[in-house]
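# Remarks on the overall topology
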Amino acid sequence: MKSIRKKITVCLMLTILISLLAAGISGIVPSYRSTLSTVEHMMSTTAVLAAERVEQELASYKNAAMDAGCIPQLSDPDVPADEKYALIQERCTMHQFQRGNIIGPDGHSIFDGTDYSDREYVKQACRATSMYPNHWSVKSPENCPL
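Residues numbered from 1 in each chain as written. Predicted model: local features only at pLDDT ≥ 70, side-chain atom pairs only at ≥ 80, totals over all residues. Heavy atoms only, no water.

This next bit is on unusual backbone geometry. Located in the positive-phi region is Q96, a residue other than glycine, with phi close to 60°. Among the structural elements, Q96 can be located in the loop between α3 (81-95) and α4 (120-127). A residue is classified by how much of its surface remains accessible, and Q96, at 69% relative accessible area, is exposed. (Helix = DSSP H or I, 4+ residues; strand = E, 2+ residues; numbered from the N terminus. Buried < 20%, exposed > 50% of the residue type's maximum accessible area, 1.4 Å probe, protein only.)

One finds Y61, A64, A68, I71, L74, L87, I88, C92, F97 and I102 forming the largest nonpolar core, which totals 10 residues. For this core, the secondary-structure elements that each account for two or more residues are α1 (2-69) and α3. (Core = buried A, V, L, I, M, F, W, Y, C linked by side-chain atoms within 4.5 Å.)

Time to look at the packing of aromatic side chains. Overall, the coordinates contain 2 aromatic pairs when judged by the stated rule. Judged by centre distance (5.4 Å) and plane angle (50°), the ring pair of Y61 and F97 falls under tilted. Of this pair, Y61 sits in helix α1 while F97 is found in the loop between α3 and α4, placing the two residues 36 residues apart along the sequence. For the pair formed by Y61 and F97, the shared burial category is buried. A centroid spacing of 5.0 Å and a plane angle of 85° characterise the contact between Y85 and F111, whose relative ring orientation is edge-to-face. Pair noted here: Y85 is in helix α3 and F111 is in the loop between α3 and α4, with a separation of 26 residues, a long-range link. A relative accessible area of 24% means that F111 is categorised as partly exposed. (Phe/Tyr/Trp six-rings, centres within 6.5 Å; stacked < 30°, edge-to-face > 60°.)

What follows covers α3. Taking 1.5 Å of rise per residue, the 15 residues of α3 would be expected to cover 21 Å, and the 21 Å separating its terminal C-alpha atoms lies within 8% of that figure. Those residues of α3 lying buried are K84, L87, I88, Q89, R91 and C92. Here the buried face of α3 lies against α1 and α2 (72-75). Just beyond α3, the residue with positive phi is Q96, at close to 60°. (Expected span 1.5 Å × (residues − 1). Contact = heavy atoms within 4.5 Å.)

Looking now at the environment of Y61. In this structure Y61 comes out as buried when scored by relative accessible area, which is 12%. In this structure the C-alpha to C-alpha distance between Y61 and H95, which are 34 residues apart in sequence, comes to 8.6 Å.

The grouping of V10, L14, L17 and I18 at the surface amounts to a nonpolar patch, some 380 Å² of accessible area in total. Position of I18 relative to the elements: it lies in helix α1. On the accessibility criterion, I18 (55% relative accessible area) is exposed. (Patch = residues over 30% accessible without salt bridge, like charges linked within 9 Å, V, L, I, M, F, W, Y side chains within 5 Å. Areas by Shrake-Rupley, 256 points an atom, 1.4 Å probe, with all protein chains shown as cover. Salt bridge = Lys/Arg side-chain N within 4 Å of Asp/Glu carboxyl O.)

With that settled, consider the confidence of the model for the chain. The predicted model of the chain has a mean per-residue pLDDT of 85, with 87% of residues at 70 or higher. Per-element mean pLDDT across the chain ranges from 83 in α4 up to 93 in α1. (pLDDT = per-residue confidence, 0-100.)

Shown next as structure tokens:
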């Protein structure tokens with residue numbers, strides 16, 4: 001009798017265990033798939049929002065550069081560098097940039113003489129192939145040249 005009772009007990013336990021396992025899996029799988037779908041949707045939405053934000057920031061930088069480019073004193077050779085520096089710093093403050101610079105056709109800063117001629121955006125500007133760089137080659141957006 002002990003062996004029949006043991007067999008019935010083992011079968012009953014296996015039946016309960018298998019049914020619990022099936023019920024658990026049938027609840028976990030749809031939840032997992034739903035979570036993956038939600039995460040994928042949220043990541044897509046976040047990517048779109050981030051791209052729009054980057055586009056707005058680049059348009060803002062372009063507008064700041066165009067604004068500075070419309071100041072006739074900046075291109076006047078008779079205006080001293082100190083006055084040009086003050087004009088650029090005023091624009092930087094207005095657009096919340098850390099600093100500004102004017103790079104001459106030789107690729108050197110008119111303020112401190114730093115050589116920027118090896119940078120791609122300066123080369124493009126000197127060739128007049130682009131109004132503003134497609135990719136800012138600086139460490140942070142606040143340091144983008146005007």
